[in-house]
Amino acid sequence: MKACYIHSAVSISAQNTFETVFNLSESKPLTSRKANSNHPPYKTYIAPAALRRMATGVKMGVTTGKKALEKANITMPDAVLTGTGMGCIEDTETFLNTIIANEEAYLTPTSFIQSTHNTVGAQIALGLKCKAYNNTYVHGALSFESALLDAKLLINTDESQSVLVGGVDELGKEFIDYTILVEDQNNGVKVPFSEGASFFVLSSEKQEKAILLNSLKTYSNLTEQEIPKVLNAFLLENNYQTQDIDAVICGNNGSVSDSYYNQARAVFPITTSQLHYKHLFGEFFTASAIGLFLGVSILQNQHIPDALVLGDYSKNSLKTIVLYNQFNGRDHSFILLSI
Amino acid sequence: MSNLKQELKENIIELLNLEEFSVEDINDNDALFGDGLGLDSIDALELMVMLDKDYGIKLTDPNEGKEIFQSIAVLADYIEKNRSK
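What counts and how
Residues numbered from 1 in each chain as written. Chains lettered and ligands numbered in written order. Predicted model: local features only at pLDDT ≥ 70, side-chain atom pairs only at ≥ 80, totals over all residues. Heavy atoms only, no water. Core = buried A, V, L, I, M, F, W, Y, C linked by side-chain atoms within 4.5 Å. Buried < 20%, exposed > 50% of the residue type's maximum accessible area, 1.4 Å probe, protein only. Helix = DSSP H or I, 4+ residues; strand = E, 2+ residues; numbered from the N terminus. Domains from an automatic or database assignment. Contact = heavy atoms within 4.5 Å. 1 Å grid on protein atoms, 1.4 Å probe; cavity = no way out; pocket = protein on both sides within 12 Å on 5 of 7 lines; lining within 4 Å. Points joined across faces, edges and corners; volume = space filled by probe spheres on them. Nonpolar A, V, L, I, M, F, W, Y, C, P; charged D, E, K, R; others polar. Buried area = accessible area lost by both parts, 1.4 Å probe. Polar contact = N/O pair within 3.5 Å; in protein donor to acceptor, adjacent residues only side chain to side chain. Salt bridge = Lys/Arg side-chain N within 4 Å of Asp/Glu carboxyl O. Pairing = 2+ DSSP bridges.

1. Considering the nonpolar core
Across soluble globular proteins, you tend to see nonpolar side chains buried next to one another. Residue and element names in this part refer to chain A. Phe200, Leu202, Leu292 and Leu337 are the most contacted members of the largest nonpolar core, which has 44 residues in total. The dominant element in this core, judged by the number of residues it contributes, is helix 11 (residues 288-301), at 8 residues. Two domains share this core, each providing at least three of its residues, namely domain 1 (5-203) and domain 2 (213-338). Once you skip the residues sitting within four places of it in the chain, leucine 202 turns out to touch Cys4, Tyr5, Ile6, Leu148, Ala151, Lys152, Ile155, Gln161, Ser162, Val163, Val165 and Leu213.

Here you go:
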């Protein structure tokens, strides 16, 4: 089985993660209930004729995908894999609202065509003229992880030499307000809801600055009590013990289910730095892709931004990172990274 | 007629997200497809829906569309002669 390395990681998010060198020193706290991404000038990356039909998520996905390939010096990947929780919700809302407003007549094609969940993966492939394997995973908060697992298996089994994989979600305009309403009534997510796209190039080739994607495991359901056992077993399967882990990055979002993260964090000794990120990047179904972007960036730069530190922080050398994410006690994912 | 041409230019810019263009950039005789505004087949469908919805004109023959969508001037002339709204 071949090892799987992450050659590049690019993210558009609520913070300035796209154009600046990674440090988050100028990160801004999110003050509103909904936080839009910090958008780069898309005209630099996408032809105007294509850009005019693209909704926010497509612009973000195509741009991060393109830059991830450039950073990895790849012109044509062997596969394009995308994860998205809500797909192109902007155009879905437009299309459905048009049906209502026009009493099911006069339906225009653009918003319908662009409303499908696989629009981002398709637009990336169209831009590259890439006819390789192309798949989109839509599995709630495990959408990105499902795409990542597929990508990792393609590399591990030597079916692909380089894979472009990413997670993308856009805020939209209306449906998100109902989501917020439900969360607020159920003591749910407290951090702002947001959007973003993070793409990675995976390869079996070991390069300088490449990060090893050791392992990835997902669970639809786990109880809080099962977390320590599952986490310890995950590390042991990869010949690691808790004291070997330099940092653990959790997806705390302020909801009652943060108690799962407390269980996970308690597994690690005081020497393991404890980090979080959704207070700066918001919550959405593929926010964990930003978690992976941060994990990769921390290992590559050997630096933990102060804004990410949740509890104890003691390590100088950073070799191994664990990421844990879940949403409302469901869709759990564990990712192990190392250099 | 000039009001209709102005209205068509505004609607086309908004409907087709032609952010690069303003009404002043589109001459009455500019080609809408190809080298002019650079519209494509999806835009043609959008324009056909616009004709039906806004002016009560149903196009059934695709070849008819090729003639009508030549330019703003030709389109406005066709609408004036065939509109039911």
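2. Examining the layout of surface pockets
Roughly 920 Å³ of internal volume is contained in the largest pocket. Surrounding the largest pocket, 33 residues form its lining, Thr94(A), Ser111(A), Glu14(B), Leu15(B) and Asn17(B) being those nearest its centre. Of the residues assigned to the lining of the largest pocket, the class counts are 8 nonpolar, 10 polar and 15 charged. Quantified by volume, the second largest pocket comes out at close to 380 Å³. Around the second largest pocket sit 23 residues that line it, and Ala9(A), Lys71(A), Ser297(A), Gln300(A) and Asn301(A) are the ones nearest its centre. Elements that contribute at least two residues to the lining of the second largest pocket include exactly strand 1 (5-12), helix 2 (56-71) and helix 11 of chain A. The element that contributes the greatest number of residues to the lining of the second largest pocket is strand 1 of chain A, accounting for 5 residues. Here the lining of the second largest pocket spans two domains, since at least three of its residues come from each of domain 1 (5-203) and domain 2 (213-338) of chain A.

3. A few points about empty space enclosed by the protein
All names here are of chain A. Per the counting criterion, the structure on display carries 2 cavities of 30 Å³ or more. A volume near 50 Å³ is recorded for the largest cavity. Residue lining of the largest cavity: Glu145, Ile249, Gly251, Tyr277, Ser288, Gly291, Leu323, Tyr324, Asn325, Ser333 and Ile335, and that is the complete set. Going through the elements one at a time, helix 11, strand 9 (320-327) and strand 10 (330-338) are the ones with two or more residues in the lining of the largest cavity. Tallying contributions element by element places strand 9 first for the lining of the largest cavity, with 3 residues. Computed from the structure, the second largest cavity encloses a volume of approximately 30 Å³. Along its surface, the second largest cavity is lined by Gly57, Thr84, Gly87, Cys88, His117, Val120, Val168, Asp169 and Glu170. Within the lining of the second largest cavity, the residues separate by chemical class into 3 nonpolar, 4 polar and 2 charged.

4. Considering the domain arrangement of chain A
All names here are of chain A. When its domains are assigned, chain A resolves into domain 1 (5-203) and domain 2 (213-338). Each side of the interface is counted separately: domain 1 has 46 residues, and domain 2 has 43 residues. Interface of domain 1 and domain 2: buried area, both sides summed, is about 3,500 Å²; carbon and sulfur atoms make up 72% of it. Summed over the shared surface of domain 1 and domain 2, the result is 10 residue pairs in polar contact (both at pLDDT 80 or more). Elements represented by at least two residues in the side of domain 1 that touches domain 2 include exactly strand 1, helix 6 (143-156), strand 4 (162-169) and strand 5 (196-203). For the side of domain 1 that touches domain 2, the class distribution of residues is 20 nonpolar, 19 polar and 7 charged.

5. A few points about the interface of chain A and chain B
Each partner contributes residues to the interface: chain A has 11 residues there, and chain B has 15 residues. Carbon and sulfur atoms supply 52% of the area buried between chain A and chain B, which totals about 1,100 Å² over both sides. For the chain A face of the interface with chain B, the top three residues by lost area are Arg52(A), Arg53(A) and Tyr106(A), together amounting to 55%. The interface formed by chain A and chain B includes 3 salt bridges. In this structure, Arg52(A) engages Asp43(B) in a salt bridge whose closest nitrogen and oxygen atoms are separated by 2.6 Å. Taken together, chain A and chain B are joined by 6 residue pairs in polar contact (both at pLDDT 80 or more). Ranked by the residues each element gives to the side of chain A that touches chain B, the list is headed by helix 4 (residues 109-114) of chain A, at 3 residues. For the side of chain A that touches chain B, a count of residues per class yields 5 nonpolar, 3 polar and 3 charged.

6. A closer look at the pairing of strand 9 of chain A
Residue and element names in this part refer to chain A. Within strand 9, 8 of the 8 residues are buried, which leaves the element mostly enclosed by the surrounding structure. On strand 9, burial covers both faces: Thr320, Val322, Tyr324 and Gln326 on one face and Ile321, Leu323, Asn325 and Phe327 on the other are all buried. Looking at chain direction, strand 7 (residues 247-250) and strand 9 are connected through 4 bridges and run parallel. Note on strand 9: the bridge partner recorded for valine 248 is valine 322. Inspection of the sheet shows strand 9 paired to strand 10 by 7 bridges, in the antiparallel sense. Within the sheet, the bridge partner assigned to isoleucine 321 lies in strand 10 and is leucine 337. Linking two consecutive strands that pair antiparallel, namely strand 9 and strand 10, is a turn of 2 residues; a positive phi of about 50° is found at asparagine 328 within it.

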